[in-house]
Amino acid sequence: MIYLYYTDHFRSYNFGPEHPLNPIRLTLAYKLIEDLGLLDGQTELIRPGPASEEELHQVHTLEYIEAVRLEEPDMAFGLGSDDTPVFPGIFDASCYMAGGSIDAAKRMLEEDCSTFNLGGGLHHAFPTQAAGFCVFNDVALAISVLKKKFSSILYLDIDGHHGDGVQQIFYEDQDVLTFSIHESGKYLFPGTGFVDEVGAGQGLGYAVNIPMPMYAADEDYLRAFEDVVPRLFEWFRPDVVVAQLGVDTHYSDPLTSLNVTLTGYTQMVHRIIELTHKYAGGRLMALGGGGYNLAVVPVAWASVLHLMRDDPLPEYLPPYWVELFSNVVGCEPMTLPDIDMKPGKETQKRISAELSETLSELKRIHSEIHPGKLR
Ligand SMILES: [Zn+2]
């Protein structure tokens, strides 16, 4: 069984009309999934409730939770920045986003299933700090729940930005291996996620990062992914996989400088699902994340659900949904297969060289910690 998480409460997670994170993308994704007829016996819709204070406290301090509840700017807690402004109802809305991932994790403790929280993936939040559009770290909260049953949890983050909050929270934990592939912190927020961030203490070697060159495209992403991720599965043998599937790597995304297409994105997701079946009994918690072109996100995440169900990707979008989309957004949605994005020869040469250097550096550093594991 696959449980899909969506509630109209997700629409209240709204930083305002000028902010790039428009919650309508979640509603449009949910509607597309519904109109494609995917909410059948194989996929069940769950409308989650809000996380409780006790649940939030698994990751966040009581002082921070209280500061969010006050709903007033307080930069000591990262609340009220341009990225993460405070709005009326921010506490409740954040509790619903976290509640989805926590409920999904609880279900995965009780039965053999997969889950997909469209409102999850808020990977930049820290225990005492809001950051990068993220208030509560639903990913870390879900992993904390999964730890009650599973002893090895693999976190895969393919969002365009480094999954810094999740990495930091489990930095000294050898039971949670965090992997993030993202546009290099040399160019992009949050400015971290370099190959030498490898974990610490008991968790040394259990954080893996691939910072990608600017303008990296499908070919580069798939090359880096295949070079590292299958080895992580082989070595770490996870019981369960948590995947943050942000789609702000897309060439049209306004916040990043990458050239991934929907075709490349779905190929990566397909591989995550395949590897999860091979090594982790198919137990996958999929989470949304970034993605700031409204024309991309719904198609990307409906495709994720198709792939989780082992359905072929649809050749056309339901006309009723396309009409709804055009009325709401004012343009046409993206379709699959996406256009072929190839950078010029010189750019491709530069990207390939930078990536080769990154990958060999990554392997050198990790083989000093765990000889042979990532070779
Ligand atoms: Zn992102």
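Scroll up a little and you will see the structure.
Basis of the calculations
- Residues numbered from 1 in each chain as written.
- Predicted model: local features only at pLDDT ≥ 70, side-chain atom pairs only at ≥ 80, totals over all residues.
- Pairing = 2+ DSSP bridges.
- Helix = DSSP H or I, 4+ residues; strand = E, 2+ residues; numbered from the N terminus.
- Axes fitted to C-alpha atoms, helices over the stretch in contact; angles between N-to-C directions.
- Contact = placed C-beta atoms within 7 Å.
- Buried ≥ 20, exposed ≤ 12 C-beta atoms within 10 Å, placed from the backbone.
- Parallel < 35°, antiparallel > 145°, perpendicular 65-115°, else oblique.
- Left-handed = near helix turned anticlockwise from the far one by under 90°.

### Describing the sheet that holds strand β7 (residues 240-244)
And step 1. A sheet is described by the order of its strands in space; here 8 strands give the open sequence β2-β1-β3-β8-β7-β4-β5-β6, paired in parallel fashion. Looking along the sheet, the strands with just one partner apiece sit at the ends: β2 (43-46) and β6 (207-212). Neighbour-to-neighbour, the strand axes of the sheet open up by a mean angle of 15 degrees, direction not taken into account.
And step 2. Alignment of strand β3 (residues 114-117) against strand β8 (residues 284-287), held across 3 bridges, turns out to be parallel. Its bridge partner lying in β8, Asn-117 is registered against Leu-287.
And step 3. Contacting β1 (2-5), β2, β3, β7 and β8, helix α4 (residues 90-110) runs over the sheet at an angle of about 180 degrees to β3.
And step 4. Contacts from helix α5 (residues 138-146) reach β4 (153-157), β5 (176-183), β7 and β8, with the element oriented near 175 degrees to β7.

### Observations regarding the pairing of β7
And step 1. Burial of β7 is extensive: 5 of the 5 residues sit out of reach of the surface.
And step 2. Across the two faces of β7 the burial is the same, with Val-240, Val-242 and Gln-244 and Val-241 and Ala-243 all buried.
And step 3. Two elements, β7 and β8, share 4 bridges in a ladder whose sense is parallel. Residue Val-242 lies in a different strand from β8, and its bridge partner there is Met-285.

### Some points on unusual backbone geometry
And step 1. The step from Phe-189 to Pro-190 runs through a cis peptide bond, and the omega angle for that step is 0 degrees.
And step 2. Relative to the elements of secondary structure, Pro-190 occurs in the loop between β5 and β6.
And step 3. Cis geometry is found at the peptide bond from Leu-336 to Pro-337, where omega equals -5 degrees.
And step 4. Within the element layout of this structure, Pro-337 appears in the loop between α10 (319-329) and α11 (345-369).
And step 5. You will see that Glu-71, though not glycine, has its phi angle at about 55 degrees, which is positive.
And step 6. Structurally, Glu-71 is set in the loop between α3 (62-70) and α4.
And step 7. With a phi angle near 65 degrees, Asp-310 is a residue other than glycine that sits in the positive phi range.
And step 8. Looking at the secondary structure, you find Asp-310 in the loop between α9 (297-309) and α10.

### Focus: the packing of helix α7 (residues 218-236) against α11
And step 1. Relative orientation of the contacting elements α7 and α11 amounts to 15 degrees, with a least axis distance of 11 Å. Between α7 and α11, the crossing angle belongs to the class labelled roughly parallel. In this structure, α7 crosses over α11, and the sense of that crossing is right-handed. Contacts between α7 and α11 pair Asp-220, Arg-223, Ala-224 and Asp-227 from the former with Ile-351, Leu-355 and Leu-359 from the latter.

### Comments concerning the environment of Glu-44
And step 1. Secondary-structure assignment places Glu-44 in strand β2.
And step 2. Accessibility expressed as a C-beta count within 10 Å gives 12 for Glu-44, which makes it exposed.
And step 3. Between the C-alpha atoms of Glu-44 and Tyr-5, which are 39 residues apart in sequence, the distance is 8.6 Å.
And step 4. Apart from residues lying up to four places away in sequence, Glu-44 is in contact with Met-1 and Tyr-3.

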